[in-house]
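Notes for the structure review
In case you want the letters, here they are:
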Amino acid sequence: MSAERFSTATRLKALGEQAAARVQRARRPRRGRLTGRAALLALVMCSLVVALAYPTRQYISQRAEIADQRRQAEQAARRADELRDEKARWQDPEYVRQQARQHLHYVRPGETGFIVQDGSGTGKRRGGRAAAERPWYDNIWDGLDAADQ
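Read on for an overview of the structure.

Reading the values: rules and limits
Residue numbers restart at each chain and count upward from 1, following the sequence in its written direction. Reporting in this predicted model follows two pLDDT cut-offs: at least 70 for local features of residues, and 80 or more for side-chain atom pairs to be given and counted; totals over whole chains, interfaces and linings ignore these cut-offs and use all residues. The side-chain figures draw on all heavy atoms in the structure; neither hydrogens nor water molecules are used. The secondary structure listing takes helices from DSSP runs of H or I that are at least 4 residues long and strands from runs of E that are at least 2 residues long, numbered from the N terminus. Surface accessibility in these figures is a Shrake-Rupley result with a 1.4 Å probe; residues are shielded only by whichever protein chains are displayed. In the sections that follow, a salt bridge refers to a side-chain nitrogen of Lys or Arg positioned within 4 Å of a carboxyl oxygen of Asp or Glu. For every residue, the accessible area obtained with a 1.4 Å probe (protein chains only) is divided by the maximum for its type, and the residue is called buried under 20%, exposed over 50%, and partly exposed between those limits. Every residue pair with non-hydrogen atoms within 4.5 Å of one another is taken to be in contact. The rule is short: rings of Phe, Tyr and Trp, with Trp giving its six-membered ring, pair when the centres are within 6.5 Å, and they are stacked under 30 degrees, edge-to-face over 60, tilted in between.

Let's shift gears to the overall build of the protein. In terms of helices and strands, the protein carries five helices and zero strands. Reading the helices (α) and strands (β) of the protein from amino to carboxyl end gives α-α-α-α-α. With the model as given, the accessible surface of the protein reaches about 14300 Å², and the carbon-plus-sulfur share is 56%.

Next comes the structure, spelled out in structure tokens:
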């Protein structure tokens with residue numbers, strides 16, 4: 001019998017039965033692709049996405065805020081350096097004299113100061129009286145009014 005068991009006809013018969021079983025399985029209606037395990041995996045993945053969405057958003061916004069704070073700190077450091085330089089310039093008496101002459105129209109003893117009018121009309125009288133004839137507080141209010149315009 002052992003010779004019959006491994007005969008070609010027996011082998012062909014076994015292969016035919018296997019092929020018929022495969023065809024029979026293929027004809028059966030398939031179940032849906034979503035198995036219980038796949039549904040559970042999808043639920044876990046969705047839960048992880050929902051659970052991690054808010055912390056991830058917070059992390060990204062905090063990184064942006066940190067970058068903004070660093071940029072502001074660099075600007076403040078540059079401004080502090082500029083102010084230190086300006087303070088050092090103001091320690092120089094020659095610079096102070098130069099600024100007083102330029103902005104306050106100071107003159108040194110023995111010099112004659114001149115004011116050149118360019119004809120733009122900024123030195124015209126207001127209200128019929130010259131600025132020197134009016135009280136000082138009127139000049140201040142007029143200056144503030146002119147600055148608002």
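That was the structure; now back to the text.
Take the pattern of salt bridges next. Once the charged atoms of two side chains with opposite charge are near each other, the side chains can pair. According to the stated counting rule, one finds five salt bridges in the structure shown. Note that Glu 82 is salt-bridged to Arg 79, the shortest N-O span being 3.6 Å. Linking Glu 82 with Arg 79, this pair stays in helix 3 (residues 36-90), spanning three residues, or about one helical turn. Taking the relative accessible area as the measure of exposure, Arg 79 reaches 45% and is therefore partly exposed. Among the ionic pairs, Arg 84 bridges to Asp 81, the shortest N-O distance being 2.6 Å. Residue Arg 84 and its partner Asp 81 are both found in helix 3; the two are separated by three residues, about one turn of the helix. The exposed category is assigned to Arg 84, whose relative accessible area is 53%.

A few words on the side chain of Gln 99. Mapped onto the secondary structure, Gln 99 falls in helix 4 (residues 93-104). Those residues in contact with Gln 99, other than ones at most four positions away along the chain, are Trp 90 and Leu 104.

Bringing unusual backbone geometry into the picture now. For residues other than glycine, phi is negative in most cases, and the peptide bonds are mostly trans. Here His 105, not a glycine, exhibits a phi torsion of approximately 60 degrees, which is positive. With respect to the helices and strands, His 105 occurs in the loop between helix 4 and helix 5 (136-148).

Remark: the centre distance and the inter-plane angle together describe each pair of aromatic rings, the angle taken between the planes. Summed over the entire model, instances satisfying the criterion amount to two aromatic pairs. Here the aromatic rings of Trp 136 and Tyr 137 are separated by 5.7 Å at their centres, their planes lie at 80 degrees, and the arrangement is edge-to-face. For Tyr 137, a relative accessible area of 42% corresponds to the partly exposed category.

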